[in-house]
Amino acid sequence: MNKHIQELVSRYGNKVVENRRYLHAHPELSFQEEKTARWIRDALIKAGIPMLEGISGNSTVGYLKGERPGPSIGLRADIDALGLVEENKLPYKSITPGVMHGCGHDAHTAVLLAVAEILAAHRELIKGTVYFVFEQAEEFLPGGAVQLVKDGIMDKIDYMFAIHVDAENPVGTIDIEEGSRFAAVGTYDFKITGKGGHGGFPHTANNPLLPISHLISSLNLIPALKCDPLANCTITVSYLHCGIDGVANVIPEKAVMGGCVRALDTHLRDFMMSEVERLGRAVCAAYNCNIEVSTVYGYPAVVNNGNCVALMADAADDLGITRLHVPPRLGAEDFSYFAEKKPSAIAWFGLADPSGTHEPTPHHSPKFYLSDEDGLPLALMYMLTVYCKACERFH
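What counts and how
- In this numbering scheme, every chain counts its residues from 1 along its sequence in written order.
- Side-chain atom pairs in this predicted model are given and counted only at pLDDT of 80 or more, local residue features only at pLDDT of at least 70, and totals for whole chains, interfaces and linings cover all residues.
- Heavy atoms from the whole structure form the basis of all side-chain values; hydrogens and water molecules are not counted.
- Going along the chain from the N terminus, every DSSP run of H or I of four or more residues is numbered as a helix, and every run of E of two or more is numbered as a strand.
- Exposure classes here rest on a 1.4 Å probe applied to the protein chains alone. A residue is buried below 20% of its type maximum, exposed above 50%, and partly exposed in between.
- Charged-residue counts in this description rest on Lys and Arg as positive and Asp and Glu as negative, His and the chain ends being excluded.
- Salt bridges, as used here, are contacts in which a Lys or Arg side-chain nitrogen is within 4 Å of a carboxyl oxygen on Asp or Glu.
- Polar contact is defined as a pair of N or O atoms within 3.5 Å, subject to the rule that within protein one atom must be able to donate a hydrogen and the other to accept it, and that residues adjacent in sequence are counted only when both atoms are side-chain atoms.
- Any two of the Phe, Tyr and Trp rings considered here, Trp counted by its six-membered ring, make a pair once their centres fall within 6.5 Å; the pair's planes then place it as stacked at under 30 degrees, edge-to-face at over 60, or tilted in between.
- By this definition, two strands are paired if DSSP reports at least two bridges between them.
- Lines fitted to C-alpha atoms define the axes, with helix axes restricted to the stretch in contact, and inter-axis angles between N-to-C directions lie between 0 and 180 degrees.
- Residues are treated as being in contact if the distance between any of their heavy atoms lies within 4.5 Å.
- Two kinds of site are reported from a 1 Å grid over the protein atoms alone, namely cavities, where a 1.4 Å probe fits but cannot get out, and pockets, open sets with protein on both sides within 12 Å along at least five of seven lines, and residues are called lining when an atom falls within 4 Å of a point.
- Grid points are joined across faces, edges and corners, and a volume is the space filled by probe spheres set on the points.
- Nonpolar residues are Ala, Val, Leu, Ile, Met, Phe, Trp, Tyr, Cys and Pro. Charged residues are Asp, Glu, Lys and Arg, and all others, Gly as well, are polar.

Participant: Whenever I open this one, the side chain of E177 confuses me. Can you help?
Facilitator: Looking at where E177 falls in the secondary structure, it is placed in the loop between β5 (173-175) and β6 (179-182). Although E177 lies buried, it forms no salt bridge, and the closest oppositely charged side chain, R181, sits 5.5 Å away as judged by the N-O distance. A distance of 2.6 Å separates the side chain of E177 from the side chain of H325, its partner in a polar contact.

Spelled out as structure tokens, the structure:
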């Protein structure tokens, strides 16, 4: 089977790289991926792949049914880009001002489309039904996955698989582990109102910066004093706005602060969010200030299913891909909504330059770089192998 898949990928040629570079040059922000969605749908139609009706927004779900019985397997790619100004000097750099594929969703989309086109041309590989899930808006809450679940796709799918490209580890490596792999995330926003006044008469005012200064230190003690010391969690104060820059003699009436909460356990995230709100209200009451609290409970933690991980690990071993053992990350991924419904797994797939000529880059960076010519054909081969193994292993 490996040799046959290698032949299919070789025959597919450089198209997966060309498609990724086209998408990289034409990025679109979350919930604004109209042209990207149209491009995907046109390609699916051309390949003779039908699409599910009733899918919301810019998400697209294509599917193929095999002649032999088998499982319903979902393969997922996210399609949105980030609000970044690309600094790379590449012939295919973004031509959209202030928007860039800085997390590799262009690569995810190109690989999944290649899988779909190859399977459409070789339907003898299909058992049961395979679903190609192109998801809008992974980068921006509430994300695209939660709506796809509401649209009912997980009622059709038995198992879901995905890769996320990794720009910090080289081509030929993969991180696929069981259990919690991405964090549950939440955000909070405090709008605090005191009483403005003159800096020379603080007793006639009520400075909202006093409860804020208390909260900045107190919030950061929640992980240390309220959570299991062995738990992976963090609270960040990300922004603070008050007063007028350079105006030193005016006590402001209002102040705003906010940030995010992250934990590898969704229930722990929920507890921390409740503590953030409780502390905000209590501290502001102690300072006789009013507070308006806004919270968003974002993506749950991604929990990889053990059986799905074992299959993906076997596929990596078959192709000689080195398995890394990387600790879980406190980044968030809305793949979690799929994993809450059915057995699922997502892997980090190395796409940094294996030669070391180009330094590895962080994700969400204006210099984000993937070694696509080396890595995308291997990623394509890997996802085809994962699919074929799923057809054999799951019934």
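Participant: Explain the packing of aromatic side chains to me, please; I cannot follow it from the model alone.
Facilitator: The description of an aromatic ring pair rests on the distance of the ring centres and on the angle between the ring planes. A complete count under the given rule lists 9 aromatic pairs for this structure. A ring pair is formed by Y63 and Y131, whose centres lie 6.1 Å apart and whose planes are at 35 degrees; its orientation type is tilted. Placement of the pair is Y63 in strand β1 (residues 60-65) and Y131 in strand β3 (residues 127-135), with a sequence separation of 68 residues. With a relative accessible area of 8%, Y131 lands in the buried category.

Participant: Explanation requested: the sheet that holds strand β7 (residues 184-193) in the structure shown.
Facilitator: Pairing between sheet strands relies on hydrogen bonds along the backbone, with the strands arranged either parallel or antiparallel. Ordered by their spatial adjacency, 4 strands build an open sheet running β9-β11-β7-β12, and the pairing between neighbours is antiparallel. In this open sheet, the two strands that pair with only one neighbour each are β9 (233-242) and β12 (290-297). Adjacent strand axes in the sheet meet at a mean angle of 15 degrees when their direction is disregarded. Bridge count for β7 against β12 is 8 bridges, and the pairing is antiparallel. By the bridge assignment, G186 is partnered in β12 with Y297. Along the sheet face, helix α8 (residues 266-286) touches β7, β9, β11 (254-263) and β12 and points at about 170 degrees away from the line of β12.

Participant: Help me understand the side chain of S72 in this model?
Facilitator: Along the polypeptide, S72 turns up in strand β2 (residues 68-78). Once you skip the residues sitting within four places of it in the chain, S72 turns out to touch T129, Y131, K156, I157, D158 and Y159.

Participant: What exactly am I supposed to notice about the sheet that holds strand β4 (residues 159-170) here?
Facilitator: In space, the 7 strands of this open sheet follow the order β1-β3-β2-β4-β15-β5-β14, with mixed pairing throughout. In this open sheet, the two edge strands, each paired with only one partner strand, are β1 and β14 (322-324). With strand direction ignored, the average angle separating the axes of adjacent strands in the sheet is 25 degrees. The sheet contact formed by β5 and β14 spans 3 bridges and is parallel. Bridged to I174 within β14 is R323.

Participant: Explanation requested: the pairing of β4 in the structure shown.
Facilitator: Burial analysis of β4 places 9 of its 12 residues in the buried class, which makes it a mostly covered element. Pairing between β2 and β4: 3 bridges, direction parallel. For I73, the partnering residue across the bridge sits in β4 and is Y159. Note: β4 against strand β15 (residues 344-352), 8 bridges, orientation parallel. Of the residues in β15, the one forming a bridge with D166 is G350.

Participant: What is the right way to look at empty space enclosed by the protein in this model?
Facilitator: Rolled over the atoms, a probe as big as a water molecule pinpoints where empty space is left. For the structure on display, the rule yields 1 cavity of 30 Å³ or more. The computed volume of the largest cavity comes to approximately 70 Å³. In terms of lining, the largest cavity is formed by L75, R76, A77, H108, V111, L112, I163 and M383. Among the secondary structure elements, those contributing two or more residues to the lining of the largest cavity are β2 and α4 (105-121). Of the residues belonging to the lining of the largest cavity, the class tally is 6 nonpolar, 1 polar and 1 charged.

Participant: Looking at this structure, I do not really get the pattern of salt bridges. What am I missing?
Facilitator: Note that side chains of opposite charge can pair when their charged atoms are close. For the structure shown, the criterion picks out 21 salt bridges. D175 is paired through a salt bridge with R329; the nearest N and O atoms lie 3.8 Å apart. Taken together, the positions of D175 in strand β5 and R329 in the loop between β14 and α10 (336-341) put the pair 154 residues apart, joining distant regions of the chain. You can call D175 buried: its relative accessible area is 2%. Here D189 and K191 are joined by a salt bridge, their closest N and O atoms 2.8 Å apart.

Participant: What is the right way to look at the layout of surface pockets in this model?
Facilitator: Taken as a whole, the largest pocket holds about 490 Å³ of empty space. If you go around the largest pocket, you meet 21 residues; those closest to its centre are E139, R262, G331, A332 and H364. Those elements that provide at least two residues to the lining of the largest pocket are β4, β7 and β11. In the lining of the largest pocket, the residues fall into 9 nonpolar, 6 polar and 6 charged.

Participant: Please explain unusual backbone geometry as it appears in this structure.
Facilitator: Most of the time, phi is negative for any residue but glycine, and the peptide bond is trans. Geometrically, the link from L141 to P142 is a cis peptide bond, its omega value of 10 degrees lying close to zero. With respect to the helices and strands, the residue P142 is situated in the loop between β3 and α5 (145-150). One non-glycine residue, F31, lies in positive phi territory at about 65 degrees. Structurally, the position occupied by F31 is in the loop between α2 (15-25) and α3 (34-46). What makes F31 partly exposed here is its relative accessible area of 32%. Phi at N288 takes a positive value of approximately 60 degrees, unusual for a residue other than glycine.

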